[in-house]
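Listed below are the residues making up each chain.
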Amino acid sequence: MRLFAISDLHTDFPENRAWVENLSCYDYRQDVIVIAGDISDSLQQLEDTLTHFCKRFAEVFYVPGNHDLWVERGSVEHSLQKWQHIHEIAKNLGVITDSAVIGGVELVPLLSWYDYSFGEPCENLLRAWMDYSRCCWPAHLSNSSKICHYFLAQNVQIAPSSLKRITFSHFLPRIDIMPHFIPVKHRLVYPVLGSWELDEQVRSLRSSIHIYGHSHVNRDLVKGGVRYVNNALGYPAESWLSRQLKCIVDDMNTVG
């Protein structure tokens, strides 16, 4: 049983929908896929995409991204209610959104957001970042830090175990997994990429591998004994992305 990963599917784009639909219906029947967020802000499109993966993989794991929680479409009251709807869709399809043991490995989804621990946002970012206008939050979640802490608090406190663990989130758990070659002008978005507190949870769980998304910069590197992996499908115009499924583990019974 192999473990694959993908994130940032953005199946609102016809090219990305076609990519999902063209995945083999036979090659992955014994395998596991982790989808690390950002499928679509349309509930129908999100459900259709998850359905395609369920037809192809033995087990599908999913954690929401920021685009999935936009509320511009539909009639949901706020982004937390949107997550409740998404969670119900996933449950009905058999998509796993909680921790589960597969082949001797515990896969643990970690909800998160950004808390500006990677830097303070500039005025241009505050004006341009779409989450500020397309997400809607209850009054008690009045800023990004409170939103982040709310989601982090939802992550299950898991008891010590002899099982190997693989964690996954949409957001980045640390900013130093971004490569040095990123131009300074593009580092404008760093404050909204994730949270250092998320990495504290990764390490408290003694995760050996952490899968993430959001940055649209694919990476596979080790920091402090943890392997961090990002494999985004991304937007059709992002020609630097491989646009392939990535096999993270060849055999779930041999995770180191």
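Rules used in this analysis
Residues numbered from 1 in each chain as written. Predicted model: local features only at pLDDT ≥ 70, side-chain atom pairs only at ≥ 80, totals over all residues. Heavy atoms only, no water. Helix = DSSP H or I, 4+ residues; strand = E, 2+ residues; numbered from the N terminus. Rg over C-alpha atoms; globule rule 2.2 N^0.38 Å. Buried < 20%, exposed > 50% of the residue type's maximum accessible area, 1.4 Å probe, protein only. Contact = heavy atoms within 4.5 Å. Phe/Tyr/Trp six-rings, centres within 6.5 Å; stacked < 30°, edge-to-face > 60°. Expected span 1.5 Å × (residues − 1). Pairing = 2+ DSSP bridges. Axes fitted to C-alpha atoms, helices over the stretch in contact; angles between N-to-C directions. Lys, Arg positive; Asp, Glu negative; His and termini not counted. Salt bridge = Lys/Arg side-chain N within 4 Å of Asp/Glu carboxyl O. Polar contact = N/O pair within 3.5 Å; in protein donor to acceptor, adjacent residues only side chain to side chain. Core = buried A, V, L, I, M, F, W, Y, C linked by side-chain atoms within 4.5 Å.

Describing the overall build of the protein chain
(1) Moving on: Along its length, the protein chain carries seven helices and 10 strands.
(2) Moving on: Rg of the C-alpha trace for the protein chain: 17 Å, near the compact-globule value of 18 Å for 256 residues, within the 12% margin.
(3) Moving on: Seen through its principal axes, the protein chain has C-alpha atoms that stretch 50 × 40 × 35 Å.
(4) Moving on: In the protein chain, which comprises 256 residues, the share counted as buried stands at 54%.
(5) Moving on: A fraction of 75% describes how many contacts in the protein chain between residues 6 or more apart in sequence connect residues 24 or more apart.

With respect to the packing of aromatic side chains
(1) Moving on: Under the criterion given, the structure shown has 16 aromatic pairs.
(2) Moving on: Members of the aromatic cluster, joined through ring pairs, are W113, Y114, Y116, W129, W137, Y150, F151 and F171.

Observations regarding helix 3 (residues 79–93)
(1) Moving on: Its 15 residues place the ends of helix 3 21 Å apart at the C-alpha level, agreeing with the 21 Å of an ideal helix rising 1.5 Å per residue.
(2) Moving on: For helix 3, every residue scored as buried is listed here: S79, L80, K82, W83, I86, I89 and A90.
(3) Moving on: Of the residues trailing helix 3, G94 is marked for its positive phi of about 85°.

Let's talk about the sheet that holds strand 6 (residues 164–168)
(1) Moving on: With mixed pairing, the six strands of this open sheet are ordered in space as 4-5-6-7-9-8. Only two strands of the sheet have a single partner each, and these edge strands are strand 4 (100–102) and strand 8 (219–223). On average, each strand axis in the sheet is tilted by 25° relative to the strand beside it, whichever way the strands run.

Some points on the side chain of K82
(1) Moving on: Structurally, K82 is set in helix 3.
(2) Moving on: Of the side chains bearing the opposite charge, D41 lies closest to the buried K82, which forms no salt bridge; the N-O distance is 5.6 Å.
(3) Moving on: Within the structure, K82 has its side chain in polar contact with the backbone oxygen of D68 (distance 2.9 Å).
(4) Moving on: Not counting residues up to four positions away in its chain, the partners in contact with K82 are D41, L43, D68, L69, W70, V71 and V76.

A closer look at unusual backbone geometry
(1) Moving on: Of note in the backbone geometry, H10 takes a positive phi value of approximately 45° without being a glycine.
(2) Moving on: In this structure, H10 sits in the loop between strand 1 (3–6) and helix 1 (14–21).
(3) Moving on: Backbone geometry places D38, a non-glycine residue, at a positive phi of 65°.
(4) Moving on: Within the fold, D38 resides in the loop between strand 2 (32–35) and helix 2 (43–54).

A short note on the pairing of strand 8
(1) Moving on: Pairing of strand 8 with strand 9 (residues 226–230), which is carried by five bridges, proceeds in the antiparallel orientation. Considered in strand 9, the bridge of K223 is made with V226.
(2) Moving on: The loop that links strand 8 with its antiparallel partner strand 9 comprises two residues; one of these, G224, has a positive phi angle of about 55°.

Describing the environment of I166
(1) Moving on: Relative to the helices and strands, I166 is located in strand 6.
(2) Moving on: Given a relative accessible area of 0%, I166 falls into the buried group.
(3) Moving on: Sequence separation of I166 and Q244 is 78 residues, and the distance between their C-alpha atoms is 21 Å.
(4) Moving on: In contact with I166, other than residues within four places in its own chain, are L3, V105, E106, L107, V108, S207, S208, I209, I211, V249 and V255.

Some remarks on the sheet that holds strand 10 (residues 246–249)
(1) Moving on: Strand order in the open sheet formed by four strands is 3-2-1-10, and the pairing between neighbours is mixed. Only two strands of the sheet have a single neighbouring strand rather than two, namely strand 3 (59–62) and strand 10. Pairwise comparison of adjacent strand axes, ignoring direction, gives a mean angle of 30° for this sheet.

Focus on the nonpolar core
(1) Moving on: By size, the foremost hydrophobic cluster in this structure holds 79 residues, and its most contacted members are L3, I35, F53, L107, W113 and I211.
(2) Moving on: Among all residues touching F53, those that are not within four sequence positions of it are I6, L9, W19, V20, L23, I33, I35 and V60.

A few points about the pattern of salt bridges
(1) Moving on: Counted according to the given criterion, the structure contains seven salt bridges.
(2) Moving on: Among the ionic pairs, R2 bridges to D31, the shortest N-O distance being 2.7 Å. With a gap of 29 residues between them, R2 in the segment before strand 1 and D31 in the loop between helix 1 and strand 2 connect regions that are remote in the sequence.
(3) Moving on: Look at D31 and you get buried, because its relative accessible area is 3%.
(4) Moving on: For D199, the salt bridge goes to R203, with nearest N and O atoms at 3.0 Å. Placement of the pair is D199 and R203 together in helix 7 (residues 196–204), with a separation of four residues, close to one helical turn.
(5) Moving on: Among the charged side chains, a network of salt bridges with common partners joins R174, D176, D199 and R203.

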